[in-house]
Amino acid sequence: MDAIQSEIHTGDPVQVGDYEIIPQTRVLKIQFPGNHAVLIWNRPKAVIVKTSDGQESTLAVRDITRVIIWSMLAGGLLGAMLIRLMHRN
Amino acid sequence: MTDEMDTNTPEDSGLDRFQDTMDEFLAAADVRVVYGEPIEHDETMIIPTAEVLCGLGFGVGRGGATSSEHGQEKPSQGSGSGGGGGGRILSRPVAVVIVNSEGVRVEPVVDITKIALAGLTALGFMVGMMFRMSSRRHALPSVNE
């Protein structure tokens, strides 16, 4: 078994009216040596929507909060570096 | 009458228990953990989604020693074992899947508190750097001195 595993899991379909919804998740598993510690990060990836007439589409589940947080932190770090560079010159 | 003996040491049973806990813990990788039960309201169905982050660790150990005190004919022996562990599960809503007569759409859940904290941290980086730069400039000795 690998120490770091990234998998995509597909759940049971849910029938809602004319739509069949199939949930998908992305799982990151990290097992530390000796199998005495494990870290699991399970997050939604997408939902596959199937209509009664056979059409299939995939709707991605985006984590807007995480995108904003990382952008802000990256911006802060970049801003701090720019301030340092400007003061040097 | 049966003469059954439990050959498992306390350490082994402890390890088994930890292994069971670990197996239960690995179930956190299941899809049903991330997608909640559908909630029906009028003609709309809502499926909440969340990200789940969990960590678990444990350790066991044992040791033994033999005393060799003077005056004792036979050295006494002792041993012991112990273990411990801990874990944490964090969950955060990510989005909701909304199904109605108009179709299916995914609406994100925006956590204002976390964004505000990240914004303050980013601002802190920049303000801290500005203070550091300005204090260094003031600390420089002048040419006359």
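Residues numbered from 1 in each chain as written. Chains lettered and ligands numbered in written order. Predicted model: local features only at pLDDT ≥ 70, side-chain atom pairs only at ≥ 80, totals over all residues. Heavy atoms only, no water.

For the rest of this paragraph, the subject is the overall build of chain A. Broken down by element type, chain A carries one helix and five strands. Along chain A, from the amino end to the carboxyl end, the secondary structure elements read β-β-β-β-β-α. Over its C-alpha atoms chain A spans a radius of gyration of 21 Å, topping by over 25% the 12 Å that the globule rule assigns to 89 residues. Viewed in the frame of its principal axes, chain A has a C-alpha envelope of about 65 × 40 × 15 Å. Considering only contacts in chain A between residues 6 or more positions apart, those separated by 24 or more positions represent 26%. As presented, chain A carries roughly 5,500 Å² of accessible surface, and 58% of it is formed by carbon and sulfur atoms. Side-chain charges of chain A comprise 9 positive and 8 negative groups, with the mean position of each set lying 19 Å from the other. (Helix = DSSP H or I, 4+ residues; strand = E, 2+ residues; numbered from the N terminus. Rg over C-alpha atoms; globule rule 2.2 N^0.38 Å. Contact = heavy atoms within 4.5 Å. Areas by Shrake-Rupley, 256 points an atom, 1.4 Å probe, with all protein chains shown as cover. Lys, Arg positive; Asp, Glu negative; His and termini not counted. Charge placed at Lys NZ, Arg CZ, Asp CG, Glu CD.)

Contact with chain B, which involves 52 residues of that partner, is made by 46 residues of chain A. Both sides of the chain B and chain A interface together cover about 4,000 Å² of buried area, and 72% of this is carbon and sulfur. When the buried surface of chain B facing chain A is broken down by residue, B:Ala29, B:Val31 and B:Tyr35 rank first, second and third, together holding 14% of it. Our enumeration of links across chain B and chain A arrives at two salt bridges. A salt bridge links B:Arg92 to A:Asp63; the nearest nitrogen and oxygen atoms lie 2.4 Å apart. At the boundary of chain B and chain A, one finds 11 residue pairs in polar contact (both at pLDDT 80 or more). If you list the elements that add at least two residues to the side of chain B that touches chain A, you get α1 (10-26), α2 (31-34), β2 (44-66), β3 (77-100), β4 (103-108) and α3 (112-139) of chain B. Per-class residue counts for the side of chain B that touches chain A are 34 nonpolar, nine polar and nine charged. Pairing analysis gives six bridges linking strand β4 (residues 37-51) of chain A to β2(B), with the strands arranged antiparallel. Opposite A:Asn42, over in β2(B), you have B:Val52 as the bridge partner. (Buried area = accessible area lost by both parts, 1.4 Å probe. Salt bridge = Lys/Arg side-chain N within 4 Å of Asp/Glu carboxyl O. Polar contact = N/O pair within 3.5 Å; in protein donor to acceptor, adjacent residues only side chain to side chain. Nonpolar A, V, L, I, M, F, W, Y, C, P; charged D, E, K, R; others polar. Pairing = 2+ DSSP bridges.)

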